[in-house]
Amino acid sequence: GAGVSQTPSNKVTEKGKYVELRCDPISGHTALYWYRQSLGQGPEFLIYFQGTGAADDSGLPNDRFFAVRPEGSVSTLKIQRTERGDSAVYLCASSLTGGPDTQYFGPGTRLTVL
Amino acid sequence: GEDVEQSLFLSVREGDSSVINCTYTDSSSTYLYWYKQEPGAGLQLLTYIFSNMDMKQDQRLTVLLNKKDKHLSLRIADTQTGDSAIYFCALKNTGNQFYFGTGTSLTVIP
């Protein structure tokens, strides 16, 4: 596709449920990033993939959060036992590796945990 | 982690210049960026500067970097109402980690 796409655009779930958020990066981009943006804040880094492997997952807040990128393209962010504090916009970005690593962002998934 | 600070709000009149400021703590930054976020839209990269540069100009945008003071600024010349948005500075460090500021909400008054 022309840009980074994310599905769903909105997700409402109940506390304790499991959710999956999908990111489809720009074709050919080897690097993929997940961020979380809370209201009135800047994006907060969660995890970074280089190809299929997680090169840096230091931003994941706890073990309820997990992400995969099995074929080096699409990535899924998985959140178990959701809590109200997980409510935020989850952003995905992709880039070609090297140099400025110019990141192209998707529109985000707004997650609301009731 | 990195601390990246921005003032929350800026208001300017149409046609004036806007200057948005950003301070950071990590001296190992390699690239520094400015992003624009409009309501309901994703982050759009405006420009970036390599850490060994002091200034970069791109049409109406001028980026200034003072590495000694760890200060980055974005100047928008002839600000238009379409420039109203939230502006984020961001930086990449040598560990390939990205940190974003809290964002500055720019309001352009017609």
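Residues numbered from 1 in each chain as written. Chains lettered and ligands numbered in written order. Predicted model: local features only at pLDDT ≥ 70, side-chain atom pairs only at ≥ 80, totals over all residues. Heavy atoms only, no water.

Q: I'm lost on the overall build of chain B in this one. Help?
A: Counting its secondary structure elements, chain B contains 0 helices and 11 strands. For chain B, the N- to C-terminal ordering of α and β elements is β-β-β-β-β-β-β-β-β-β-β. Relative to the globule expectation of 13 Å for 110 residues, the C-alpha radius of gyration of chain B, 13 Å, shows essentially globular dimensions. Counting only C-alpha atoms and orienting by the principal axes, one finds that chain B spans roughly 40 × 30 × 20 Å. Taken across its 110 residues, chain B has 45% of its residues classed as buried. Put simply, 54% of the contacts in chain B that link residues at least 6 apart link residues at least 24 apart. By element, 49% of the accessible surface of chain B is carried by carbon and sulfur atoms, the whole surface being about 5300 Å². Counting 9 positive and 12 negative side-chain charges, chain B places the averaged centre of each group 4 Å from the other. (Helix = DSSP H or I, 4+ residues; strand = E, 2+ residues; numbered from the N terminus. Rg over C-alpha atoms; globule rule 2.2 N^0.38 Å. Buried < 20%, exposed > 50% of the residue type's maximum accessible area, 1.4 Å probe, protein only. Contact = heavy atoms within 4.5 Å. Areas by Shrake-Rupley, 256 points an atom, 1.4 Å probe, with all protein chains shown as cover. Lys, Arg positive; Asp, Glu negative; His and termini not counted. Charge placed at Lys NZ, Arg CZ, Asp CG, Glu CD.)

Q: When you look at the overall build of chain A in this model, what are you seeing that I'm missing?
A: From N to C terminus, chain A includes 0 helices and 11 strands. The C-alpha atoms of chain A give 13 Å as radius of gyration, which agrees with the globular expectation for 114 residues (13 Å, within 12%). Seen through its principal axes, chain A has C-alpha atoms that stretch 40 × 25 × 25 Å. For chain A, the residues scored as buried account for 47% of the 114 residues in total. For chain A, contacts bridging at least 24 residues in sequence account for 53% of all contacts bridging at least 6. Surface accessibility of chain A: about 5300 Å² in total, with carbon and sulfur atoms responsible for 49%.

Q: Got a minute to help me understand the environment of B:Cys22 in this structure?
A: Residues and elements named next belong to chain B. Relative to the helices and strands, Cys22 is located in strand β3 (residues 18-24). Each C-alpha atom, one on Cys22 and one on Ser73, is 6.0 Å from the other, the two residues being 51 residues apart in sequence. In contact with Cys22, not counting residues within four places along its chain, are Val4, Glu5, Gln6, Trp34, Lys70, His71, Leu72 and Cys89.

Q: In this structure, what is going on with the interface of chain B and chain A? I would like to understand it.
A: A common way to state how big an interface is: give the accessible area lost once the parts meet. Of the residues lining the interface, 16 residues belong to chain B; the matching set on chain A comes to 20 residues. Regarding the contact of chain B and chain A, the summed buried area is about 1400 Å², with carbon and sulfur atoms giving 53% of it. Of all residues in chain B, B:Leu43, B:Phe98 and B:Phe100 give up the largest surface area on contact with chain A, accounting jointly for 33% of the area buried on that side. At the boundary of chain B with chain A, the tally comes to 2 residue pairs in polar contact (both at pLDDT 80 or more). Of all the secondary structure elements, the ones that give two or more residues to the side of chain B that touches chain A are β4 (29-37), β5 (43-50), β9 (85-93) and β10 (98-100) of chain B. Per-element tally for the side of chain B that touches chain A: the top contributor is β4(B), with 4 residues. Split by residue class, the side of chain B that touches chain A holds 9 nonpolar, 6 polar and 1 charged. (Buried area = accessible area lost by both parts, 1.4 Å probe. Polar contact = N/O pair within 3.5 Å; in protein donor to acceptor, adjacent residues only side chain to side chain. Nonpolar A, V, L, I, M, F, W, Y, C, P; charged D, E, K, R; others polar.)

Q: I tried to follow the pairing of strand β5 (residues 44-50) of chain A on my own but got confused; where do I start?
A: All names here are of chain A. Most of β5 is tucked away: 5 of the 7 residues are buried. For strand β4 (residues 31-37) and β5, the ladder comprises 6 bridges, and the chain directions are antiparallel. In the sheet register, Ala31 faces β5, and the bridge partner there is Gln50. Connecting β4 to the antiparallel partner β5 that follows it, the hairpin turn spans 6 residues, and Gly40 within it adopts a positive phi of roughly 75 degrees. A loop of 2 residues connects β5 with strand β6 (residues 53-56), the two strands running antiparallel in sequence, and Gly51 in this loop sits at a positive phi of about 70 degrees. (Pairing = 2+ DSSP bridges.)

Q: I tried to follow the state of the cysteines on my own but got confused; where do I start?
A: Linking two cysteines covalently via their sulfur atoms produces the bond known as a disulfide. All names here are of chain A. Tallied over the entire structure, the rule returns 2 disulfides over all chains. Cys23 shares a disulfide with Cys92; S-S distance 1.8 Å. In this structure, the disulfide formed by Cys23 and Cys92 twists by about -65 degrees around the S-S bond and is classed as left-handed. Of the two residues, Cys23 is situated in strand β3 (residues 19-24) and Cys92 in strand β9 (residues 88-95); the sequence distance between them amounts to 69 residues. (Disulfide = S-S within 2.5 Å.)

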